[in-house]
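# Coordinate analysis (summary)
For reference, the chains in residue letters:
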Amino acid sequence: MFRLLAVPLISAMIGYLTNVVAIKMLFHPREPIRLLGLEIEGLLPRRQEAIANKIGEVVERELLSVEDLVSQFSNPEMQDKMVKLVSEKVRTRLEEAMPRLIPQNLARILADLVEGVLVRESRNLVPQMTESAGRHLTEEIRVSEIVRNRILALDVMQLEGLVREVASRELRLIEVMGGVLGFLIGLVQVAIIVLFP
């Protein structure tokens, strides 16, 4: 009876440990080692550049492109915020730059006048600037390159930490599922032993 119970338990342990080792091998060894004529290195250390390239491409294609960013700035609401921000900064600088000899009422009138002209002109100018800047940014900036370079700038330990931060529960579930599947396979083996002695 103990032998029959031991089969699924040993199978569960083998399944669990196999998955633990497989997950460890995603990250380790960090430096290539030679073992029985084979060079062994963790998946992430060995393929960091290819992974960085692919993630960069996917982010730019599916998640965030320069066109997406430019469209946010082309939004009339965002353009109004930019006009307001610029006009407030210009008004503040004007008030600071006017000599103290000018009466305060006159300084306020001049600031209002300049701010009014700036707001009126900006309503036409900002969309043109946004469109021009958007064309330039679209030609010059590649989100995929930015993402790729950021990933390549990470050392392997940082990359491992990032993957574990994102997927720690799933990695743990994979380990446990290895044990569960091993146990079920062990039960099948016991059934075969009992049914076909």
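Up top is the structure these notes are about.
Residues numbered from 1 in each chain as written. Predicted model: local features only at pLDDT ≥ 70, side-chain atom pairs only at ≥ 80, totals over all residues. Heavy atoms only, no water.

## Re the overall build of the protein
The number of helices and strands found in the protein is seven helices and two strands. Taking 197 residues into account, the globule formula puts the C-alpha radius of gyration at 16 Å, and the protein, at 32 Å, lies well above it. Principal-axis analysis of the C-alpha atoms gives the protein an extent of 105 × 40 × 30 Å. The contacts of the protein with a sequence gap of at least 6 include a subset with a gap of at least 24, amounting to 70%. (Helix = DSSP H or I, 4+ residues; strand = E, 2+ residues; numbered from the N terminus. Rg over C-alpha atoms; globule rule 2.2 N^0.38 Å. Contact = heavy atoms within 4.5 Å.)

## Description of the nonpolar core
Ile23, Phe27, Leu44, Ala52, Val59, Val66, Val70, Val143, Val147, Ile151, Leu159 and Leu171 together form the largest nonpolar core, which totals twelve residues. Among residues more than four places away in sequence, those in contact with isoleucine 23 are Arg164, Leu171, Ile174 and Glu175. (Core = buried A, V, L, I, M, F, W, Y, C linked by side-chain atoms within 4.5 Å. Buried < 20%, exposed > 50% of the residue type's maximum accessible area, 1.4 Å probe, protein only.)

## Notes on the environment of alanine 97
Structurally, alanine 97 can be placed in helix α4 (residues 76-97). Judged by its relative accessible area of 62%, alanine 97 falls in the exposed class. Considered as a pair, alanine 97 and arginine 34 are 63 residues apart in the sequence and their alpha carbons are 71 Å apart.

## Looking at a nonpolar patch on the surface
On the surface, Leu5, Leu9, Leu173, Val176, Met177, Val180, Leu181, Phe183, Leu184 and Leu187 cluster together into a nonpolar patch covering about 840 Å² of accessible area. For the nonpolar patch, the secondary structure elements donating two or more residues are α1 (2-27) and α7 (156-195). Broken down by element, the residue count for the nonpolar patch peaks at eight residues, all from α7. Along the chain, leucine 173 turns up in helix α7. (Patch = residues over 30% accessible without salt bridge, like charges linked within 9 Å, V, L, I, M, F, W, Y side chains within 5 Å. Areas by Shrake-Rupley, 256 points an atom, 1.4 Å probe, with all protein chains shown as cover. Salt bridge = Lys/Arg side-chain N within 4 Å of Asp/Glu carboxyl O.)

## So, helix α2 (residues 43-63)
Helix length check: α2 (21 residues) gives 25 Å between terminal C-alpha atoms against 30 Å at 1.5 Å per residue, more than 12% under. A bend of about 55° at glutamate 49 is the largest found in α2. Turning to α2, its buried residues number three or more, namely Leu44, Pro45, Gln48, Ala52, Gly56, Val59 and Glu60. Contacts made by the buried residues of α2 are with α1, α6 (143-153) and α7. (Expected span 1.5 Å × (residues − 1). Bend = angle between axes of the 7 residues up to and from the residue.)

## A closer look at the environment of arginine 108
When you line up the elements, arginine 108 lands in helix α5 (residues 104-140). A relative accessible area of 41% means that arginine 108 is categorised as partly exposed. Once the C-alpha coordinates of arginine 108 and leucine 118 are considered, the two residues, ten residues apart in sequence, prove to be 15 Å apart.

## Describing the side chain of glutamate 175
Relative to the helices and strands, glutamate 175 resides in helix α7. A distance of 2.8 Å separates the side chain of glutamate 175 from the side chain of arginine 172, its partner in a polar contact. Setting aside residues up to four positions removed in sequence, glutamate 175 forms contacts with Tyr16, Asn19, Val20 and Ile23. (Polar contact = N/O pair within 3.5 Å; in protein donor to acceptor, adjacent residues only side chain to side chain.)

## Details of the pattern of salt bridges
What the rule picks out here adds up to eight salt bridges. Where arginine 46 meets glutamate 39, a salt bridge forms, and the shortest distance between an N and an O atom there is 3.7 Å. The salt bridge partner of arginine 148 is glutamate 49, with a shortest N-O separation of 3.1 Å. In this pair, arginine 148 sits in helix α6 while glutamate 49 sits in helix α2, placing the two residues 99 residues apart along the sequence. Because the salt bridges share partners, they merge into one network encompassing Arg30, Glu160 and Arg164.

## Remarks on the packing of α4 against α5
Look at α4 against α5: their axes get within 9 Å of each other, and the N-to-C directions meet at 145°. α4 and α5 meet at a crossing whose hand is right-handed. Within the contact between the two elements, α4 uses Gln79, Asp80, Met82, Val83, Val86, Ser87, Val90, Arg91, Leu94 and Glu95 and α5 uses Arg108, Ala111, Asp112, Val114, Glu115, Leu118, Val119, Ser122, Arg123, Val126, Pro127 and Thr130. Among the residues forming the contact of α4 with α5, the class breakdown is eleven nonpolar, four polar and seven charged. (Axes fitted to C-alpha atoms, helices over the stretch in contact; angles between N-to-C directions. Left-handed = near helix turned anticlockwise from the far one by under 90°. Nonpolar A, V, L, I, M, F, W, Y, C, P; charged D, E, K, R; others polar.)

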